[in-house]
Amino acid sequence: KPSKSIHGSPGKNSDPYFSWVWDNFSDSAAIDFSISGELEDPDNDNLANIAEYALGTDPTSHDQGYFHSVADEDSKKFMILTHTMNGSATDVEMVLERSSDLKTWNTVDPLSENYIYTELKNGTQQRTTIDNIPISLGVRRFYRLVIRR
């Protein structure tokens, strides 16, 4: 594998994202940053490669590493948000944020919300967060998953 940086040492302390690129793209696509670049979306599923990397999804296939649903409990409906996490993506941070107005965003603390962590295959985990305010109360709640590298 070539080194990511100029005057680098190929194969030594490789960048986790760069290693993921080599594992998920052909050699010719891996060296073509118009295909394998962090902000590219070669499978046109509206997830940039950096998101595919963080979620542990296939950058060449239309798969989703996130979804939402609604749960009923005691005649109340609650929003459920689920996303996968690539355990090997040690150089990214994934933060779930919530807003009532799409202007001010606050981090959702998984320790203060109802959440479930599940181990999946190949070092991928799944995090499910259950909103603690019922949808039926009419409170506006918007969510976004922020990925930082």
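You'll find the structure just up there.
This structure is a prediction, so every number in the text was calculated from the model and none was measured.

A. Representation of unusual backbone geometry within the structure. Its identity is not glycine, yet Asp74 carries a phi of approximately 50°, on the positive side. As for its position among the elements, Asp74 is in the loop between strand S1 (66-73) and strand S2 (76-86).

B. Fine view of the sheet that holds strand S6 (residues 124-130). Reading across from one edge, S1-S2-S6-S5 is the order of the four strands in this open sheet, with antiparallel pairing throughout. Either end of the sheet is taken by a strand with one partner, and the two such strands are S1 and strand S5 (114-119). Strand-to-strand, the axes of this sheet are offset by a mean angle of 20°, without reference to chain direction. When S1 meets S2, the two strands line up antiparallel, connected through eight bridges. Paired with Glu73 across the strands is Lys76, a residue of S2.

C. Structural detail: the pairing of S6. Among the seven residues of S6, five are classified as buried, and the element is accordingly described as predominantly covered. Note that S2 and S6 share seven bridges and pair antiparallel. Note on S6: the bridge partner recorded for Thr84 is Gln126. Pairing analysis gives six bridges linking S5 to S6, with the strands arranged antiparallel.

D. Summary view of the sheet that holds strand S3 (residues 93-99). In spatial order, the strands read S4-S3-S7; together these three strands make up an open sheet with antiparallel pairing. Looking at which strands have only one partner, the edges of the open sheet turn out to be strand S4 (106-107) and strand S7 (142-148). Here seven bridges tie S3 to S7, and the two strands are oriented antiparallel to one another. Looking across to S7, one finds that Glu97 is bridged to Arg144.

E. Up close: the pattern of salt bridges. Scanning the model with the defined rule gives nine salt bridges in all. In this structure, Glu97 and Arg144 form a salt bridge, with 2.7 Å as the shortest nitrogen-oxygen distance. Of this pair, Glu97 sits in strand S3 while Arg144 sits in strand S7; the two residues are 47 residues apart in sequence, bridging distant segments of the chain. Here Arg144 falls in the partly exposed class, since its relative accessible area comes to 37%. Two residues, Asp131 and Arg141, come together in a salt bridge whose shortest N-O distance is 2.5 Å. Taken together, the residues Asp131 in the loop between S6 and S7 and Arg141 in the loop between S6 and S7 connect sequence positions ten residues apart. Since its relative accessible area comes to 3%, Asp131 is described here as buried. Judged by its relative accessible area of 24%, Arg141 is partly exposed. Beyond isolated ion pairs, a larger network of salt bridges with shared partners links Asp15, Glu38, Asp91 and Arg149.

F. Structural view of the environment of Ile80. Of note, Ile80 is situated in strand S2. Looking at Ile80, the relative accessible area reads 15%, which means it is buried. In this structure the C-alpha to C-alpha distance between Ile80 and Tyr115, which are 35 residues apart in sequence, comes to 9.2 Å. Here Ile80 is in contact with Phe67, His68, Ser69, Val70, Ala71, Thr128, Thr129 and Ile130, once residues within four sequence places are set aside.

Procedures and definitions
Residues numbered from 1 in each chain as written. Predicted model: local features only at pLDDT ≥ 70, side-chain atom pairs only at ≥ 80, totals over all residues. Heavy atoms only, no water. Helix = DSSP H or I, 4+ residues; strand = E, 2+ residues; numbered from the N terminus. Pairing = 2+ DSSP bridges. Axes fitted to C-alpha atoms, helices over the stretch in contact; angles between N-to-C directions. Buried < 20%, exposed > 50% of the residue type's maximum accessible area, 1.4 Å probe, protein only. Salt bridge = Lys/Arg side-chain N within 4 Å of Asp/Glu carboxyl O. Contact = heavy atoms within 4.5 Å.

In short, geometric facts, not functional conclusions.
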